[in-house]
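An overview of the molecular structure
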Amino acid sequence: MKSPNDRADFPTPLERDLPPGRHLRLKEHLLSEIRQENQESTTAVPSAGGRGWLRPSLVAGAVVAAVAAGLVVAQPFGGDAAQAGPPSKETVRMLERIADAAKRQQSVPKGIEDDQFVYIKSKVSFRDGGKQEALHDREIWLSVDGKHTEMLHEPANDANYERLEDEVEARDENGDPVEPKPYEAATNYRNLQKLPTDPVNMLDWLNRVSKEETNGKPFVLLGDMVMESLMPPEQAAAMYLAATKIPGVELVDDVEDAAGRHGVAITWEDDGDDVRTELIFDKKTKQYLGTRAVLTEDGSHGKEGEVTESTAVVDREVVDKAGERP
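Residues numbered from 1 in each chain as written. Predicted model: local features only at pLDDT ≥ 70, side-chain atom pairs only at ≥ 80, totals over all residues. Heavy atoms only, no water.

Attention now goes to the pairing of strand S1 (residues 117–128). In terms of burial, S1 is a largely internal element, nine of the 12 residues being buried. Bridging between S1 and strand S3 (residues 136–143) involves eight bridges; their strand directions are antiparallel. Within S3, the residue paired with Phe-117 across the bridge is Ser-143. What sits between the antiparallel neighbours S1 and strand S2 (residues 131–132) is a turn of two residues, in which Gly-129 has the positive phi angle 65°. (Buried < 20%, exposed > 50% of the residue type's maximum accessible area, 1.4 Å probe, protein only. Helix = DSSP H or I, 4+ residues; strand = E, 2+ residues; numbered from the N terminus. Pairing = 2+ DSSP bridges.)

What follows concerns the packing of aromatic side chains. Summed over the entire model, instances satisfying the criterion amount to four aromatic pairs. Considering the side-chain rings of Tyr-119 and Trp-141, the 5.3 Å spacing of their centres and the 45° angle between planes classify their relative orientation as tilted. Of this pair, Tyr-119 sits in strand S1 while Trp-141 is found in strand S3, placing the two residues 22 residues apart along the sequence. A relative accessible area of 0% places Trp-141 in the buried class. With a centroid separation of 6.3 Å and an interplanar angle of 35°, the aromatic rings of Trp-141 and Tyr-161 are classed as tilted. Placement of Trp-141 in strand S3 and of Tyr-161 in strand S5 (residues 159–164) is noted, with a sequence separation of 20 residues between them. Put simply, the rings of Tyr-119, Trp-141 and Tyr-161 pair up and form one aromatic cluster. (Phe/Tyr/Trp six-rings, centres within 6.5 Å; stacked < 30°, edge-to-face > 60°.)

Before going further, it helps to examine the environment of Tyr-189. With respect to the helices and strands, the residue Tyr-189 is situated in helix H3 (residues 189–192). On the accessibility criterion, Tyr-189 (7% relative accessible area) is buried. In the structure, Tyr-189 is positioned 46 residues away from Ser-143 in sequence and 7.8 Å away in space, judged by C-alpha atoms. Excluding residues that lie within four positions of it along the chain, Tyr-189 makes contacts with Val-108, Ile-112, Ser-143, Val-144, Leu-230, Met-231 and Pro-232. (Contact = heavy atoms within 4.5 Å.)

Another point: the pairing of strand S10 (residues 307–319). Inspection of the sheet shows S1 paired to S10 by 10 bridges, in the antiparallel sense. Considered in S10, the bridge of Val-118 is made with Val-318.

What follows deals with the confidence of the model for the protein chain. For the protein chain, the mean per-residue pLDDT works out to 77, and 71% of the residues sit at or above 70. Low pLDDT (under 50) marks residues 1–82, which in the prediction has 203 contacts with non-local residues, meaning those over four places away or in another chain. (pLDDT = per-residue confidence, 0-100.)

Our next topic: the environment of Lys-121. As for its placement among the helices and strands, Lys-121 is situated in strand S1. By relative accessible area, Lys-121 is classed as partly exposed at 27%. Note: C-alpha distance between Lys-121 and Val-313 (192 residues apart in sequence) is 6.0 Å.

Quick look at the structure:
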(Lines give C-alpha, C1' and ligand atoms only; values in the text may rest on other atoms or scores of the structure.)
Protein backbone atom coordinates (compact mmCIF):
# COMPACT_ATOMS: atom_id res chain seq x y z
CA MET A 1 0.00 0.00 0.00
CA LYS A 2 1.35 3.38 -0.96
CA SER A 3 1.67 6.02 1.69
CA PRO A 4 -0.57 9.08 1.44
CA ASN A 5 2.43 11.18 0.48
CA ASP A 6 3.08 8.97 -2.56
CA ARG A 7 -0.48 9.09 -3.85
CA ALA A 8 -1.81 11.29 -6.65
CA ASP A 9 -5.06 11.77 -4.79
CA PHE A 10 -7.60 14.54 -5.20
CA PRO A 11 -7.74 17.24 -2.55
CA THR A 12 -10.03 16.89 0.41
CA PRO A 13 -13.33 18.59 -0.52
CA LEU A 14 -14.88 21.48 1.38
CA GLU A 15 -17.73 20.24 3.52
CA ARG A 16 -21.19 21.68 3.42
CA ASP A 17 -24.81 20.70 4.11
CA LEU A 18 -25.78 19.30 0.70
CA PRO A 19 -22.80 18.04 -1.30
CA PRO A 20 -23.93 17.47 -4.92
CA GLY A 21 -23.36 14.83 -7.50
CA ARG A 22 -22.50 11.51 -5.90
CA HIS A 23 -26.03 10.30 -5.24
CA LEU A 24 -28.26 8.15 -7.35
CA ARG A 25 -31.43 9.88 -8.41
CA LEU A 26 -33.36 6.89 -7.08
CA LYS A 27 -37.05 7.60 -6.75
CA GLU A 28 -36.95 10.98 -4.99
CA HIS A 29 -37.50 13.15 -8.06
CA LEU A 30 -40.56 11.15 -9.06
CA LEU A 31 -41.86 10.84 -5.51
CA SER A 32 -41.45 14.55 -4.89
CA GLU A 33 -43.70 15.31 -7.85
CA ILE A 34 -46.26 12.72 -6.78
CA ARG A 35 -46.31 14.08 -3.22
CA GLN A 36 -46.72 17.56 -4.64
CA GLU A 37 -49.81 16.44 -6.56
CA ASN A 38 -51.31 14.38 -3.75
CA GLN A 39 -50.53 16.64 -0.81
CA GLU A 40 -49.91 20.04 -2.45
CA SER A 41 -47.31 20.70 0.18
CA THR A 42 -44.07 18.84 -0.63
CA THR A 43 -41.58 19.96 -3.24
CA ALA A 44 -38.47 18.36 -4.67
CA VAL A 45 -35.17 19.33 -3.11
CA PRO A 46 -32.70 20.37 -5.83
CA SER A 47 -29.06 19.49 -5.60
CA ALA A 48 -26.52 22.18 -4.87
CA GLY A 49 -25.17 21.68 -8.38
CA GLY A 50 -28.49 22.75 -9.90
CA ARG A 51 -29.51 19.33 -11.24
CA GLY A 52 -33.11 18.94 -10.18
CA TRP A 53 -33.06 15.19 -10.78
CA LEU A 54 -30.53 14.45 -8.05
CA ARG A 55 -32.01 13.10 -4.83
CA PRO A 56 -31.33 14.99 -1.58
CA SER A 57 -28.00 14.11 -0.03
CA LEU A 58 -27.62 11.04 2.09
CA VAL A 59 -23.86 11.49 2.36
CA ALA A 60 -21.31 14.01 3.59
CA GLY A 61 -17.68 14.16 4.56
CA ALA A 62 -18.47 14.48 8.25
CA VAL A 63 -18.49 11.23 10.22
CA VAL A 64 -21.14 11.00 12.90
CA ALA A 65 -20.75 9.49 16.34
CA ALA A 66 -21.80 5.91 16.95
CA VAL A 67 -25.26 5.22 18.30
CA ALA A 68 -25.17 4.67 22.04
CA ALA A 69 -25.06 1.05 23.14
CA GLY A 70 -27.88 -0.64 25.02
CA LEU A 71 -31.42 -1.65 24.28
CA VAL A 72 -33.69 1.01 22.85
CA VAL A 73 -37.42 0.76 22.42
CA ALA A 74 -38.24 1.30 18.74
CA GLN A 75 -40.44 4.27 18.08
CA PRO A 76 -43.81 3.71 16.41
CA PHE A 77 -44.15 4.01 12.65
CA GLY A 78 -46.09 6.87 11.14
CA GLY A 79 -48.12 7.34 7.98
CA ASP A 80 -49.24 4.46 5.81
CA ALA A 81 -46.78 2.00 7.37
CA ALA A 82 -48.71 2.18 10.63
CA GLN A 83 -51.76 0.73 8.87
CA ALA A 84 -49.90 -2.25 7.38
CA GLY A 85 -49.55 -5.62 9.02
CA PRO A 86 -46.32 -7.30 10.14
CA PRO A 87 -44.23 -9.28 7.62
CA SER A 88 -45.33 -12.88 7.02
CA LYS A 89 -43.38 -15.79 8.48
CA GLU A 90 -42.10 -16.59 4.99
CA THR A 91 -40.84 -13.02 4.58
CA VAL A 92 -39.16 -13.08 7.99
CA ARG A 93 -37.41 -16.37 7.18
CA MET A 94 -36.10 -14.97 3.90
CA LEU A 95 -34.81 -11.82 5.61
CA GLU A 96 -33.07 -13.99 8.21
CA ARG A 97 -31.34 -15.91 5.40
CA ILE A 98 -30.37 -12.66 3.70
CA ALA A 99 -29.00 -11.32 7.00
CA ASP A 100 -27.01 -14.52 7.56
CA ALA A 101 -25.53 -14.30 4.05
CA ALA A 102 -24.65 -10.62 4.60
CA LYS A 103 -22.88 -11.44 7.84
CA ARG A 104 -20.83 -14.16 6.14
CA GLN A 105 -20.02 -12.22 2.97
CA GLN A 106 -16.45 -12.33 1.78
CA SER A 107 -16.61 -9.25 -0.46
CA VAL A 108 -15.45 -6.84 2.26
CA PRO A 109 -11.62 -6.91 2.33
CA LYS A 110 -9.69 -6.62 5.56
CA GLY A 111 -7.54 -3.61 6.30
CA ILE A 112 -9.49 -1.02 4.33
CA GLU A 113 -7.66 2.32 4.61
CA ASP A 114 -9.23 5.76 4.93
CA ASP A 115 -7.72 7.10 1.70
CA GLN A 116 -9.03 4.24 -0.44
CA PHE A 117 -12.22 4.22 -2.50
CA VAL A 118 -15.18 1.89 -2.94
CA TYR A 119 -15.64 1.28 -6.67
CA ILE A 120 -19.20 0.40 -7.72
CA LYS A 121 -20.32 -0.32 -11.27
CA SER A 122 -24.05 -0.50 -11.90
CA LYS A 123 -26.59 -0.67 -14.68
CA VAL A 124 -29.34 1.89 -14.08
CA SER A 125 -32.48 3.36 -15.59
CA PHE A 126 -34.66 6.05 -14.00
CA ARG A 127 -37.79 7.93 -14.97
CA ASP A 128 -37.39 11.68 -15.14
CA GLY A 129 -40.33 13.96 -15.93
CA GLY A 130 -42.44 11.06 -17.15
CA LYS A 131 -39.77 9.75 -19.55
CA GLN A 132 -37.85 6.56 -18.85
CA GLU A 133 -34.19 6.87 -19.70
CA ALA A 134 -32.34 4.11 -21.53
CA LEU A 135 -30.53 1.51 -19.45
CA HIS A 136 -26.89 2.56 -19.09
CA ASP A 137 -23.71 2.00 -17.10
CA ARG A 138 -22.80 4.02 -14.04
CA GLU A 139 -19.43 3.91 -12.26
CA ILE A 140 -18.71 5.70 -9.00
CA TRP A 141 -15.72 5.89 -6.67
CA LEU A 142 -16.76 6.55 -3.05
CA SER A 143 -14.34 7.74 -0.39
CA VAL A 144 -13.89 5.20 2.41
CA ASP A 145 -13.79 7.91 5.07
CA GLY A 146 -15.95 10.44 3.22
CA LYS A 147 -13.15 13.01 3.23
CA HIS A 148 -11.54 12.44 -0.17
CA THR A 149 -12.92 13.78 -3.43
CA GLU A 150 -15.05 11.17 -5.15
CA MET A 151 -15.67 10.54 -8.83
CA LEU A 152 -18.62 9.66 -11.08
CA HIS A 153 -18.48 8.28 -14.61
CA GLU A 154 -21.94 8.19 -16.20
CA PRO A 155 -21.62 9.44 -19.81
CA ALA A 156 -25.34 8.95 -20.43
CA ASN A 157 -25.92 11.85 -18.02
CA ASP A 158 -22.93 13.97 -19.04
CA ALA A 159 -20.74 12.86 -16.14
CA ASN A 160 -17.33 12.00 -17.57
CA TYR A 161 -15.02 11.10 -14.69
CA GLU A 162 -16.58 14.01 -12.82
CA ARG A 163 -15.00 14.97 -9.52
CA LEU A 164 -17.70 15.11 -6.89
CA GLU A 165 -16.47 17.91 -4.72
CA ASP A 166 -18.38 20.64 -2.94
CA GLU A 167 -18.75 23.90 -4.78
CA VAL A 168 -19.30 26.32 -1.90
CA GLU A 169 -18.19 26.20 1.70
CA ALA A 170 -21.02 26.81 4.18
CA ARG A 171 -20.64 30.13 6.00
CA ASP A 172 -22.56 31.96 8.70
CA GLU A 173 -24.12 35.44 8.52
CA ASN A 174 -20.72 36.99 9.23
CA GLY A 175 -19.08 35.12 6.37
CA ASP A 176 -17.15 32.76 8.62
CA PRO A 177 -16.93 29.01 7.84
CA VAL A 178 -19.40 26.91 9.83
CA GLU A 179 -19.21 23.34 10.98
CA PRO A 180 -21.07 21.14 8.47
CA LYS A 181 -24.19 19.29 9.56
CA PRO A 182 -23.37 15.61 10.16
CA TYR A 183 -25.58 13.32 8.11
CA GLU A 184 -26.48 10.27 10.13
CA ALA A 185 -27.35 8.46 6.90
CA ALA A 186 -23.90 9.06 5.37
CA THR A 187 -22.98 5.97 3.35
CA ASN A 188 -19.20 6.24 3.50
CA TYR A 189 -17.71 3.03 4.87
CA ARG A 190 -16.34 4.53 8.07
CA ASN A 191 -19.73 5.95 9.01
CA LEU A 192 -21.50 2.68 8.22
CA GLN A 193 -19.12 0.94 10.62
CA LYS A 194 -20.46 3.17 13.41
CA LEU A 195 -24.10 2.12 12.95
CA PRO A 196 -25.75 -0.36 15.35
CA THR A 197 -24.90 -4.03 14.94
CA ASP A 198 -28.02 -5.40 16.65
CA PRO A 199 -31.46 -5.29 15.00
CA VAL A 200 -33.23 -3.58 17.92
CA ASN A 201 -31.00 -0.52 17.90
CA MET A 202 -30.81 -0.60 14.11
CA LEU A 203 -34.60 -0.48 13.89
CA ASP A 204 -34.66 2.49 16.23
CA TRP A 205 -31.98 4.20 14.12
CA LEU A 206 -33.94 3.59 10.89
CA ASN A 207 -37.14 4.92 12.45
CA ARG A 208 -35.49 8.02 13.86
CA VAL A 209 -33.31 8.99 10.90
CA SER A 210 -35.99 8.24 8.30
CA LYS A 211 -38.10 11.04 9.78
CA GLU A 212 -35.64 13.53 8.29
CA GLU A 213 -34.30 11.62 5.29
CA THR A 214 -37.29 9.77 3.75
CA ASN A 215 -40.46 11.29 5.22
CA GLY A 216 -40.65 8.67 7.96
CA LYS A 217 -40.21 5.62 5.70
CA PRO A 218 -37.59 3.32 7.26
CA PHE A 219 -37.67 0.72 4.46
CA VAL A 220 -36.98 3.39 1.84
CA LEU A 221 -34.04 4.61 3.94
CA LEU A 222 -32.78 1.02 4.25
CA GLY A 223 -32.89 0.63 0.48
CA ASP A 224 -31.05 3.91 -0.06
CA MET A 225 -28.35 2.86 2.39
CA VAL A 226 -27.57 -0.51 0.77
CA MET A 227 -27.98 0.49 -2.89
CA GLU A 228 -24.71 2.32 -3.55
CA SER A 229 -22.34 1.60 -0.70
CA LEU A 230 -20.14 -1.10 0.78
CA MET A 231 -22.03 -2.29 3.85
CA PRO A 232 -19.97 -3.77 6.70
CA PRO A 233 -21.21 -7.34 7.35
CA GLU A 234 -22.46 -6.79 10.92
CA GLN A 235 -24.40 -3.65 10.04
CA ALA A 236 -25.85 -5.17 6.88
CA ALA A 237 -27.14 -8.15 8.84
CA ALA A 238 -28.66 -5.86 11.47
CA MET A 239 -30.48 -3.82 8.80
CA TYR A 240 -32.07 -6.88 7.20
CA LEU A 241 -33.13 -8.28 10.58
CA ALA A 242 -34.57 -4.88 11.49
CA ALA A 243 -36.68 -5.09 8.33
CA THR A 244 -38.50 -8.09 9.81
CA LYS A 245 -40.20 -5.60 12.15
CA ILE A 246 -41.20 -3.02 9.52
CA PRO A 247 -44.96 -3.17 8.85
CA GLY A 248 -45.91 -3.84 5.24
CA VAL A 249 -42.68 -5.56 4.18
CA GLU A 250 -43.43 -8.48 1.85
CA LEU A 251 -41.67 -11.19 -0.16
CA VAL A 252 -41.92 -11.57 -3.96
CA ASP A 253 -40.60 -14.84 -5.37
CA ASP A 254 -39.28 -13.69 -8.74
CA VAL A 255 -38.11 -10.22 -9.81
CA GLU A 256 -35.64 -9.22 -12.55
CA ASP A 257 -32.96 -6.61 -11.93
CA ALA A 258 -31.55 -4.17 -14.50
CA ALA A 259 -28.92 -6.70 -15.59
CA GLY A 260 -31.56 -9.33 -16.36
CA ARG A 261 -30.76 -11.44 -13.30
CA HIS A 262 -33.68 -13.06 -11.53
CA GLY A 263 -33.92 -13.02 -7.75
CA VAL A 264 -36.25 -12.82 -4.79
CA ALA A 265 -37.38 -9.38 -3.69
CA ILE A 266 -38.13 -7.86 -0.32
CA THR A 267 -40.71 -5.15 -1.00
CA TRP A 268 -42.58 -2.33 0.70
CA GLU A 269 -45.48 -0.43 -0.82
CA ASP A 270 -45.87 3.27 -0.14
CA ASP A 271 -49.62 3.87 -0.46
CA GLY A 272 -49.16 7.60 -0.09
CA ASP A 273 -46.92 7.78 -3.17
CA ASP A 274 -48.37 4.79 -5.07
CA VAL A 275 -44.92 3.24 -5.42
CA ARG A 276 -43.55 -0.16 -4.41
CA THR A 277 -39.85 -0.38 -3.50
CA GLU A 278 -38.21 -3.74 -4.28
CA LEU A 279 -34.79 -4.86 -3.01
CA ILE A 280 -33.62 -7.83 -5.12
CA PHE A 281 -31.40 -10.65 -3.85
CA ASP A 282 -29.78 -13.63 -5.55
CA LYS A 283 -31.93 -16.73 -5.07
CA LYS A 284 -28.97 -18.93 -4.12
CA THR A 285 -26.40 -16.70 -2.42
CA LYS A 286 -28.93 -14.17 -0.99
CA GLN A 287 -26.53 -11.37 -1.91
CA TYR A 288 -27.96 -7.98 -2.90
CA LEU A 289 -28.39 -7.56 -6.67
CA GLY A 290 -30.28 -4.32 -7.23
CA THR A 291 -33.43 -2.29 -6.73
CA ARG A 292 -36.67 -1.54 -8.56
CA ALA A 293 -39.46 0.99 -8.04
CA VAL A 294 -42.88 0.04 -9.45
CA LEU A 295 -46.03 2.17 -9.74
CA THR A 296 -48.95 0.61 -7.88
CA GLU A 297 -51.68 2.80 -9.42
CA ASP A 298 -52.33 4.68 -12.65
CA GLY A 299 -51.35 8.32 -12.52
CA SER A 300 -49.74 11.19 -14.36
CA HIS A 301 -46.33 9.49 -14.06
CA GLY A 302 -47.39 6.21 -15.61
CA LYS A 303 -49.61 3.19 -15.37
CA GLU A 304 -49.87 0.60 -12.63
CA GLY A 305 -47.10 -1.97 -12.91
CA GLU A 306 -44.65 0.24 -14.78
CA VAL A 307 -41.07 0.17 -13.51
CA THR A 308 -39.81 3.70 -12.87
CA GLU A 309 -36.43 2.73 -11.43
CA SER A 310 -34.27 -0.30 -12.15
CA THR A 311 -30.70 -0.85 -10.97
CA ALA A 312 -28.19 -3.68 -10.78
CA VAL A 313 -24.80 -3.70 -9.08
CA VAL A 314 -22.40 -5.63 -11.32
CA ASP A 315 -19.12 -4.91 -9.51
CA ARG A 316 -18.20 -3.60 -6.06
CA GLU A 317 -14.58 -3.53 -4.88
CA VAL A 318 -12.05 -1.42 -2.97
CA VAL A 319 -9.39 0.41 -5.01
CA ASP A 320 -6.57 2.81 -4.16
CA LYS A 321 -7.57 5.83 -6.25
CA ALA A 322 -10.67 7.51 -7.65
CA GLY A 323 -10.82 6.63 -11.34
CA GLU A 324 -9.02 3.32 -10.87
CA ARG A 325 -10.81 0.10 -11.88
CA PRO A 326 -10.22 -3.32 -10.29
